[in-house]
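# Observations on the model geometry
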Amino acid sequence: MNKVITTALVLTAGITFFSFKQSASTRDSVATGKEIYEAQCMSCHMDQGQGLEGVYPPLAKSDYLADKDRLVKIIRKGMRGPITVNGVQYDGEMTGFELTDQETADVINYIRTSWGNKHAAVKAADVPAALNKASKDYQPY
């Protein structure tokens, strides 16, 4: 019986450790993403992600953020053409940014977990494949 309890405790400790490590990693990614957002994105999308209606789409509580592959392409390659975000039409251009795969994941993680957004984290390893996938309503810059 002692062996079963010891095994259960070891497994619980291991699961707790790896769960904490993953969430700490996500927290670090979001913190780094915030710095990138403030340097690269905030001037258009504003400090609380509210954007400027009709000019710069909001990132706060945005229905447009669900497609992580499209978001990767927008950030790295830019975009142009009409889009609808939260029911409002936008027709502008955004240049892409020269970011590493990790920096891209970090800023996406910040955007997708801030201002009422609740989307899954993106890993740097997801970025290369996302750049090559077709995405609805995406036209490169």
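Residues numbered from 1 in each chain as written. Predicted model: local features only at pLDDT ≥ 70, side-chain atom pairs only at ≥ 80, totals over all residues. Heavy atoms only, no water.

Moving on, we come to the pairing of strand β1 (residues 78–85). As paired elements, β1 and strand β2 (residues 88–95) share eight bridges and run antiparallel to each other. Considered in β2, the bridge of Gly-78 is made with Thr-95. Taking the residues that link successive antiparallel strands as the turn, the β1-β2 hairpin has two residues, and the phi of Asn-86 there is positive, at about 50°. (Pairing = 2+ DSSP bridges. Helix = DSSP H or I, 4+ residues; strand = E, 2+ residues; numbered from the N terminus.)

Position of Arg-70 relative to the elements: it lies in helix α3 (residues 68–77). Arg-70 sits 66 residues away from Lys-136 along the chain, and the two C-alpha atoms are 7.7 Å apart. Every residue in contact with Arg-70, bar those within four places of it in the chain, is listed here: Tyr-64, Ser-135, Lys-136, Asp-137 and Tyr-138. (Contact = heavy atoms within 4.5 Å.)

To continue, consider the packing of α3 against helix α4 (residues 101–113). At a closest axis distance of 10 Å, the pairing of α3 and α4 adopts a crossing angle of 120°. On the basis of their axis angle, the class for α3 and α4 is oblique. Once α3 is placed against α4, the crossing between them reads as right-handed. In this structure, α3 uses Lys-68, Leu-71, Val-72, Ile-75 and Arg-76 to contact α4, whose residues at the interface are Asp-101, Thr-104, Val-107, Ile-108 and Arg-112. When its residues are assigned to classes, the contact of α3 with α4 shows five nonpolar, one polar and four charged. (Axes fitted to C-alpha atoms, helices over the stretch in contact; angles between N-to-C directions. Parallel < 35°, antiparallel > 145°, perpendicular 65-115°, else oblique. Left-handed = near helix turned anticlockwise from the far one by under 90°. Nonpolar A, V, L, I, M, F, W, Y, C, P; charged D, E, K, R; others polar.)

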